[in-house]
Amino acid sequence: MTVSTTLTQDWHGEDVSIAEIEAELARLRAESTGVGGGPQQRTSVMTHVAWVPPEWLDAAERTLAGLAERHPSRTVLLIPRPDDELDRVDADLTMRCYPVAGQPVCGEVIELHLLGDRSLAPASLVLPLAISDLPVFVRWRGEPDFRGTQWRQLVDVADRVIVDSSEWGDLAYAELAQSFGDSAISDIAWARTEPWRRELARYWPGIREQEIRIRGPRAEAALLHGWLNARLERAIRPVEPAGELGVRLGSDDLRPPRATALTPSDLLSAELDSFASDPIYEQAVLAAAGLVA
Amino acid sequence: MTSVAEHNPLLDGLEIRRRPAPCVLVIFGASGDLTRRKLMPALYALAYRGLLPEHFAVVGAARSEETDDEFRERMKEGVQKYARDEFRQDIWDELAAGMRYFTLDFSDAQAEDELAALLAEVDAERGTQGNRLYYFAVPPSAIGPLVNEIAARRSGDGWVRLIIEKPFGHDLESARELNTQIQERFGESEVFRIDHYLGKETVQNMLALRFANGIFEPIWNRQFIDHVQITVAESVGIEGRAAFYEEAGAIRDIFQNHLLQLVAITAMEPPIDFTADSVRNEKVKVLKSLHTPGPKSVVRGQYGRGFIEGVEVPGYREEEGVDPHSMTETYVAAKLYVDNWRWADTPFYVRMGKRLPRRETTIAIQFKRAPHPPFEETAAEGLRPNVLLIHVQPNEGMSLAIGAKVPGQGMRIRTVHMDFLYGSAFREGLPEAYERLILDAMLGDATLFTRADEIEEQWALVDAIVAPWQRDRPSFPNYPAGSWGPPSADELLHRDGRSWRRN
């Protein structure tokens, strides 16, 4: 559903404190009251945190633009600039409102630029800004430094962490798997394999014995391969690189399943609807990492 | 390809979509507005989301002459005009490919044979495996004969289910007769009496509100609730349905079904689970325990000439096809009691009518006042009791009226509303009631349909209410179009020291 934004209010501050951010958010909320003919309404179903290195900022903002209406939330964008010579936090605050039944419903976007050493402790910024009693979802853009303090901290504060392993240089699934159990982890690359998983399930039980060859983009193919290894409890031939996912069963190339083309916003939106960890995904990751047969 | 007996490990973790078995949907009364405006757009919405059976067909049947292509074209126009999704030619083509039309005189046995032959042909063409879902969008008098004909031609292949539109009978006796006719030939699990209100998200959300939140159920009783008000208001008139409405009136059109279902859902005890029988067992207990204290607790009205949104509209007796001396009611207000431990002496005030100022269906739970507000009388003069208001339509959601201090010096209390719009938290488009209900019927899930005993309890109450109406002739019209009903409806509450909510 596309709903136009009726109101956007902004504030920019440099070297800001959480107290200043809270005060400015309250002011923006108050100023938006009455716009559109009714009292302003803030609705949130979660706190949505995104760890967005500067090179990912444009992509993240495009995804968010298609997301806010579906998941009204307080969004906290953390933009780390560890190499900056300044040690401070700069903030851009935006109140985005959408008309719902004639009334504006507003959500807040808090963009925090973490300069210098202030990028080392992101959880200490997320915790005071998280909305009480609602789940915290973290979307980690790009390849995490799994041994870095930022990853560990955000995994600890999140109810669910969403990565997209197709954004990674190395498919470090073994390192990712070490965070299973600390938070529910999900992967947008895994979500992209769903039409194929659904399609392949239709070939049970014949598929149990058939030769299977998988080709496709690295992350998706590796996860589909891991999934089949784990579910069928047998070794599948190594994957072959290709631009699109494809599967050959015995001597037959399977027709790609019919599926609606999903935008990055759609894919992230679906991940934000889930809360629990996904043991089938975790098994696929462990298999892809070679940690299980 | 898939073995049913053996566990398929590849399906683990995949969300199992509720996709029904192959079937043919046969719509009796397919030339009517319901098919074009509601049923076909609902089928399109299901097709759009991939929720229809893989092998599916629709056969429209009605008295009027129409070719397959004319039927498809008329349905396409309906989808383009009324569907909630964008029109996509590929989806429509797939749906229309399985669409046929059959001209049928409902009392002609030979035509029924021909219909059966057509359905066998459709089975062969579309792979629908003999499964039949019959939708009865026809007057009650046509249902019995059709049910007999369907039963007579029932083969052992596939399942048969019947969806029956309201009105289900016109009084207790006729409803019982119809139930008997149907039950002689079909099991209760094969019969789906539809009340589209139960397919509305907000009505189902009422169950979520009550039974998924620990804070409401402890205060959902006579100790904390002063009374309940349920309003089903329409701003439209009879929209050309004079023949139907003259027979039915507001009591049979709305009160007997939608309104009593809302009362049942508001007052029911928690079911032990969300299966069809558990939910319906609890609803029927409420319906059995409903009573109105007497004729003075029921008000009926009929609209006269008036204004709706600034436009002058005719009175009911001036509508085309209506008897100029008609005594049919277009408005009913009543005080009901639910005689059980939870609700004893707690009135449920209900009202419904046509040509009221706006379209609105709400359930208002008015709580008792705070026992001893420790403020000066003037400080709290703007304070009203807490009200939990459930908006069923339009703008699904709820709001809670609470007392809050007015900022500034001193202590002044005002009532403010905390609003929760359903759409503001969940921005998915809400499914239309018919989508949910048709899909449920295909899946054989009767939870949101009305059981035979519910229907009969509803009619028993209606019969008790209308019995005195034979002797009494109120002065109609007694409210102008565009008002909230006759003054006697206000008096009904004033006698109890209460008043209708200001809508």
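Provided above is the structure to which this section pertains.
So, here's what we can say about the structure. (Residues numbered from 1 in each chain as written. Chains lettered and ligands numbered in written order. Predicted model: local features only at pLDDT ≥ 70, side-chain atom pairs only at ≥ 80, totals over all residues. Heavy atoms only, no water.)

Right, let's talk about the overall build of chain B for a bit. A tally of helices and strands in chain B yields 13 helices and 19 strands. Taking 2.2 N^0.38 as the reference for a compact globule, 503 residues should give roughly 23 Å; the C-alpha atoms of chain B span a radius of gyration of 25 Å, in line with that estimate. Each principal axis of the C-alpha distribution contributes one length, and for chain B these read about 80 × 65 × 45 Å. Taking all 503 residues of chain B together, the buried fraction comes to 54%. One finds the centroid of the 59 positive side-chain charges in chain B at a distance of 7 Å from the centroid of its 76 negative side-chain charges. (Helix = DSSP H or I, 4+ residues; strand = E, 2+ residues; numbered from the N terminus. Rg over C-alpha atoms; globule rule 2.2 N^0.38 Å. Buried < 20%, exposed > 50% of the residue type's maximum accessible area, 1.4 Å probe, protein only. Lys, Arg positive; Asp, Glu negative; His and termini not counted. Charge placed at Lys NZ, Arg CZ, Asp CG, Glu CD.)

To continue, consider the environment of B:Arg317. All names here are of chain B. Residue placement: arginine 317 occurs in the loop between β12 (311–313) and β13 (331–338). A sequence separation of 20 residues divides arginine 317 from serine 297, and the C-alpha atoms of the two residues are 25 Å apart. Discounting residues that sit within four places of it in the chain, arginine 317 has contacts with Gln302, Val322, Asp323, Pro324, His325, Ser326, Met327, Phe476 and Pro477. A polar side-chain atom of arginine 317 sits 3.1 Å from a polar atom in the side chain of glutamine 302. (Contact = heavy atoms within 4.5 Å. Polar contact = N/O pair within 3.5 Å; in protein donor to acceptor, adjacent residues only side chain to side chain.)

This brings us to the packing of aromatic side chains. Using the criterion set out here, one finds 20 aromatic pairs over all chains in the structure. Ring plane angle 80° and centroid distance 5.0 Å describe the contact between A:Phe146 and A:Trp151, whose orientation is recorded as edge-to-face. Both residues of the pair, A:Phe146 and A:Trp151, count as buried. Note on B:Phe28 and B:Phe136: the rings are 5.4 Å apart at their centroids and 50° apart in plane angle, and the pair reads as tilted. In this pair, B:Phe28 is assigned in strand β1 (residues 23–28) and B:Phe136 in strand β4 (residues 132–136), connecting sequence segments 108 residues apart. Taking relative accessible area as the criterion, B:Phe28 reaches 0% and is therefore assigned buried. An aromatic cluster is built from A:Trp51, A:Trp140, A:Phe146, A:Trp151, A:Trp168 and A:Tyr173, whose rings are joined through pairwise contacts. Above the plane of the ring of A:Trp190 lies A:Arg197, whose end atom (NZ or CZ) is 3.6 Å from the centre. (Phe/Tyr/Trp six-rings, centres within 6.5 Å; stacked < 30°, edge-to-face > 60°. Lys NZ or Arg CZ within 6 Å of the ring centre and 35° of its normal.)

Residue and element names in this part refer to chain B. One open sheet accounts for six strands, arranged β3-β2-β1-β4-β5-β6; its pairing is parallel. Only two strands of the sheet have a single partner each, and these edge strands are β3 (99–103) and β6 (191–193). Here the average twist between neighbouring strands, direction ignored, is 20°. (Pairing = 2+ DSSP bridges. Axes fitted to C-alpha atoms, helices over the stretch in contact; angles between N-to-C directions.)

Bringing the packing of helix α5 (residues 140–152) of chain B against helix α6 (residues 172–183) of chain B into the picture now. All names here are of chain B. Contact geometry of α5 with α6 gives a least axis separation of 9 Å together with a crossing angle of 15°. Put simply, α5 runs roughly parallel to α6. The element α5 and its partner α6 pack so that their crossing is left-handed. Mapping the contact onto sequence places Pro140, Ile143, Gly144, Val147 and Asn148 in α5 and Leu178, Gln181 and Ile182 in α6. Among the residues making up the contact of α5 with α6, the classes are represented as five nonpolar, three polar and no charged. (Parallel < 35°, antiparallel > 145°, perpendicular 65-115°, else oblique. Left-handed = near helix turned anticlockwise from the far one by under 90°. Nonpolar A, V, L, I, M, F, W, Y, C, P; charged D, E, K, R; others polar.)

Quick look at the nonpolar core now. Ranked by internal contacts, the top residues of the largest apolar core, which has 143 residues, are B:Phe28, B:Leu43, B:Phe136, B:Leu162, B:Ile182, B:Phe255 and B:Leu336. The biggest single contributor to this core is helix α8 (residues 242–267) of chain B, with 13 residues. Setting aside its immediate chain neighbours within four residues, B:Leu336 contacts B:Phe255, B:Leu260, B:Val263, B:Leu290, B:His291, B:Thr292, B:Thr346, B:Pro347, B:Phe348, B:Val350 and B:Leu461. Counting 67 residues, the second-largest nonpolar core is a separate cluster that includes A:Cys106, A:Leu114, A:Leu176 and A:Leu228. (Core = buried A, V, L, I, M, F, W, Y, C linked by side-chain atoms within 4.5 Å.)

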